Amino acid sequence: MAEELKLFRTWSSPFALRVVHALKIKGLEYETIFEDLSTKSASLLQYNPVNKKVPVLVHNGKPICESLVILEYIDETWKQCPLLPRDPYDKAEARFWAKFGDEKIFSSIWKVLITQGKQQEEAIVEAVQNLKLIEEQLKDKKFFGGETIGYLDIAFGWTVNLIGILEEIIDQKLVDEEKLPLLSAWMQNFSDDPVIKDCWPPRDKMIVKFQVMREPYLKNLVSQ
Amino acid sequence: MAPEKELVQLIGFWGSPYVLSVRWALKLKGIEYEYHEENLLKKSPLLLQYNPVYKKVPVLLHNGKPLVESLMIIQYIDETWKQNPLQPQDPYERAKTLFWAKFAHEKCIAPMVSSFFKIGEEQEKCVKEACEHLRTLESALEEGKRFFGGETIGFVDIAAAWMGCWARIIEEILSVKLIDEEKMPRLIAWFSNVVEVPALKECMPPTQNLLEHNIKFRKFLVAAAERLQSVPLTGN
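Predicted model only: the values in this text are computed from it and were never measured.

Engineer: Even after reading the chapter, I still don't get the UniProt feature "domain: GST C-terminal" (unreviewed entry) in chain A, so can you show me in this structure?
Structural biologist: Cross-referencing UniProt, the feature "domain: GST C-terminal" (unreviewed entry) maps to residues 87-210 of chain A in the present numbering. In the segment residues 87-210 of chain A, helix accounts for 74% and strand for 0%; the C-alpha atoms at its two ends are 39 Å apart.

See below:
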């Protein structure tokens, strides 16, 4: 039976990027539907009535939502180039750090973006501490998945894109080679991978987007 | 060749519903384990060693290797011990199960629990959010089915059906309404179907003990909030 795969995403969503990376690694063909979240399409609302968010993967008409759930689904359905480790314990560890990334890294990076002065310095300290915990999971491997990109690399992949953009906006290094040497090397290896490097959203557009998102928070700080 | 001796240990707290859900999974799989009760006011070096990131219970130790976060622990149990599967075999059905377990935890249980830690307007906001998502969960349950996935108990049941009991306790202590008898009949039936399963009922801490413990806990939280605000509060 011919497989029909559709991905609902926005041009900038880091969570959707995870699915893009996974589909590319597995060598899967799919149709992309770009959504404008201010006017969601009827299809998106039909396929994700609960959260009404992207990404949504639709496989032969059946929708799967939530990026980490989608990653597991892709890995279980298409067996080539496995993403998750086979061993249940290693799998559990990978899932744990992916969740940690979503909960702690995302929020600590966001705090760096929307603060200034002393508050920003403190936010940077916290972000670096959290990034150090992630770095420890690399040990002496090229990727979190070992010699090849795996689930955890894809789960963290958005940090590679977003951190670079953030550093440019605040004109400061967050992941520098001295403080986070392994993570720094990983970011370069991940970015340079032929599967990954063509998938990044347009950098200039991302910088403008995050500068605009930052404005109201900075204005609020100034008026306080 | 004789199977390697498995050592399974659970670090928990008697009043934690997350620990309960792991106990339920272990019970359904028929896994023997040692239980270590934690004093959450004075966390043991064991807990801090095995869950340094979050410092919380439950922690499952399997042959000395730690696993944390209740949903992930239950997934691990299901993937390691194959008897009485908790998750469906089909990848699409598994994805649906994982989605709803996460939804129940993040959208229903999390605001419910948050409301217990808050006062005034912030508390109202959490209660409203929990109710809205409980109505969504209600619509995900199928009419006439005993458990979330059908006639056999599974992942979502273990992960989340305990919330009925805790919701009632929160309602009583905070004088709020979370479970609407008219709008949530399927949820109410589901809660009861799951906790009445004899193997699971055996593991439930007595409701009276939970109530007493949480009344004391709430008093402690309110006093702490009052100290922060330096204004005495009335009500719950």
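Engineer: Just checking my understanding: could you explain helix H3 (residues 67-77) of chain A for this structure?
Structural biologist: Residue pairs spaced three or four apart in an α-helix point in one direction, given the helix's 3.6 residues per turn. Among the eleven residues in H3 of chain A, nine count as buried, and that is most of the element. All of the buried residues in H3 of chain A are Ser67, Leu68, Val69, Ile70, Leu71, Glu72, Tyr73, Ile74 and Asp75 of chain A.

Engineer: Help me understand the side chain of Glu35 of chain A in this model?
Structural biologist: All names here are of chain A. Here Glu35 lies in the loop between strand S2 (31-34) and helix H2 (42-47). Here Glu35 sits buried without a salt bridge, and the closest side chain of opposite charge, Lys40, lies 7.9 Å off (N-O distance). Polar side-chain contacts of Glu35 include one of 2.5 Å to the side chain of Ser41. Each residue touching Glu35, except ones within four places of it in the same chain, is listed here: Phe8, Arg9, Thr10, Lys40, Ser41, Leu44 and Val54.

Engineer: What should I look at first to understand the UniProt feature "domain: GST N-terminal" (unreviewed entry) in chain A in this one?
Structural biologist: The residues that UniProt annotates with the feature "domain: GST N-terminal" (unreviewed entry) are residues 3-82 of chain A. Its end C-alpha atoms 19 Å apart, residues 3-82 of chain A is made of 36% helix and 21% strand.

Engineer: Help me out: how do you make sense of the UniProt feature "domain: GST C-terminal" (unreviewed entry) in chain B in this one?
Structural biologist: In the UniProt entry, the feature "domain: GST C-terminal" (unreviewed entry) is given for residues 90-217 of chain B. End C-alpha to end C-alpha, residues 90-217 of chain B measures 43 Å, and it is 71% helix and 0% strand.

Rules used in this analysis
Residues numbered from 1 in each chain as written. Chains lettered and ligands numbered in written order. Predicted model: local features only at pLDDT ≥ 70, side-chain atom pairs only at ≥ 80, totals over all residues. Heavy atoms only, no water. UniProt positions renumbered as here; feature names shortened; annotations may be inferred. Helix = DSSP H or I, 4+ residues; strand = E, 2+ residues; numbered from the N terminus. Buried < 20%, exposed > 50% of the residue type's maximum accessible area, 1.4 Å probe, protein only. Lys, Arg positive; Asp, Glu negative; His and termini not counted. Salt bridge = Lys/Arg side-chain N within 4 Å of Asp/Glu carboxyl O. Polar contact = N/O pair within 3.5 Å; in protein donor to acceptor, adjacent residues only side chain to side chain. Contact = heavy atoms within 4.5 Å.

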